[in-house]
Amino acid sequence: MMRMDYGKYRLTVMQWLLITGVYIGFDFLIAELFYHSVIAVFILLPGYVFFWKIAVQWLKKRRLRQLKMEFREWMMLMYSMIAAGASVETAIKDSYKDMSGGDNQKNYMTGELDVMVKKMAMNVPVMTCMEDFAKRAGDEDIYDFYEVMNIARHQGGSMRKIIRASIDRISEKIEMECEIAVIISGKKHEFLIMTCIPVGMIIYMRLSSPELMKILYTCTAGRVIMTAGLMMYGIAVFWGIHITKIDI
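Cut-offs used in this document
- Residues numbered from 1 in each chain as written.
- Predicted model: local features only at pLDDT ≥ 70, side-chain atom pairs only at ≥ 80, totals over all residues.
- Heavy atoms only, no water.
- Axes fitted to C-alpha atoms, helices over the stretch in contact; angles between N-to-C directions.
- Helix = DSSP H or I, 4+ residues; strand = E, 2+ residues; numbered from the N terminus.
- Parallel < 35°, antiparallel > 145°, perpendicular 65-115°, else oblique.
- Contact = heavy atoms within 4.5 Å.
- Nonpolar A, V, L, I, M, F, W, Y, C, P; charged D, E, K, R; others polar.
- Buried < 20%, exposed > 50% of the residue type's maximum accessible area, 1.4 Å probe, protein only.
- Lys, Arg positive; Asp, Glu negative; His and termini not counted.
- Salt bridge = Lys/Arg side-chain N within 4 Å of Asp/Glu carboxyl O.
- Polar contact = N/O pair within 3.5 Å; in protein donor to acceptor, adjacent residues only side chain to side chain.
- pLDDT = per-residue confidence, 0-100.

### A short note on the packing of helix α4 (residues 88-99) against helix α6 (residues 126-137)
Turning to step 1, where the next piece is worked out: Packing of α4 against α6 brings their axes to within 10 Å, and their N-to-C directions diverge by 55°. On the basis of the axis angle, α4 is oblique to α6. Mapping the contact onto sequence places Val-88, Glu-89 and Ile-92 in α4 and Val-126, Met-127 and Met-130 in α6.
Turning to step 2, where the next piece is worked out: In terms of residue class, the contact of α4 with α6 is made up of 5 nonpolar, no polar and 1 charged.

Here's what the structure looks like:
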């Protein structure tokens, strides 16, 4: 498996098509509801760049969150093996064998262990392999784990205690994030409903009072009002996304 740079994200064809399709759908919906004009579809197309960046950032964070969960599982395997007397090199090789079977064969941590095992087979020091992974992961907890293991390996220390302490700290952090996610999930549902209300109101007005809404689409003042409303709606949506997101 090739070395993955977790600081970058390369979209698959399906992801690219999905992101593009979703934005085009939103584009047509906004153009129709706020301007009732096909020209507005093309005017709003540049917004795809911002939508694409947001989607890629979300996918990148989701990947890092998954890697961190798999890293925690790997640390538990390492702990059990080192506690049984295995060296770090042996524990990495054995944990790779354990994690590469069944449903885990295509996960991120298995791929990283595959890279480490192949490097160690070429006489690359195990700490160099771990450092390379920690730097590419770009996660504070993963890099801290590498640093404390490196210090313990060169200056002396109990690997078993170090891994156990790291497991406890990362597990506590993940559990705290899960608790926060549960608390905030209700607010996210409320936020989703609130974002749909303005759109629903415009649709209702279009259906119940088409002549009244027609003024907003045909005169300059009406278009200014709808543009101002769209800008306020966009700001509210982005602010809502910002305050309800949880960084890992």
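### A few points about the side chain of Arg-63
Turning to step 1, where the next piece is worked out: With respect to the helices, strands and loops of the structure, Arg-63 is situated in helix α3 (residues 47-83).
Turning to step 2, where the next piece is worked out: Of the side chains bearing the opposite charge, Asp-5 lies closest to the buried Arg-63, which forms no salt bridge; the N-O distance is 6.5 Å.
Turning to step 3, where the next piece is worked out: For Arg-63, the side chain forms a polar contact with the main-chain oxygen of Tyr-6, separated by 3.2 Å.
Turning to step 4, where the next piece is worked out: Here Arg-63 is in contact with Met-4, Asp-5, Tyr-6, Gly-7, Lys-8, Tyr-9 and Tyr-108, once residues within four sequence places are set aside.

### Thoughts on the confidence of the model for the protein
Segments scoring low in pLDDT should not have their predicted coordinates read at a detailed level.
Turning to step 1, where the next piece is worked out: On average, residues of the protein score 85 in pLDDT, and 95% of them are at 70 or above.
Turning to step 2, where the next piece is worked out: Mean pLDDT in the protein bottoms out at helix α8 (residues 159-208), which sits at 81, and peaks at helix α1 (residues 13-35), which reaches 93.

### Remarks on the pattern of salt bridges
Turning to step 1, where the next piece is worked out: Tallied over the full model, the rule gives 11 salt bridges.
Turning to step 2, where the next piece is worked out: We note a salt bridge from Lys-68 to Asp-139, for which the minimum N-O separation is 3.6 Å. One end of the pair, Lys-68, is in helix α3; the other, Asp-139, is in the loop between α6 and α7 (140-155), with 71 residues separating them in the sequence. Considered together, Lys-68 and Asp-139 belong to a single accessibility category, that of buried residues.
Turning to step 3, where the next piece is worked out: The salt bridge partner of Asp-141 is Lys-173, with a shortest N-O separation of 3.3 Å. Placement of the pair is Asp-141 in helix α7 and Lys-173 in helix α8, with a sequence separation of 32 residues.

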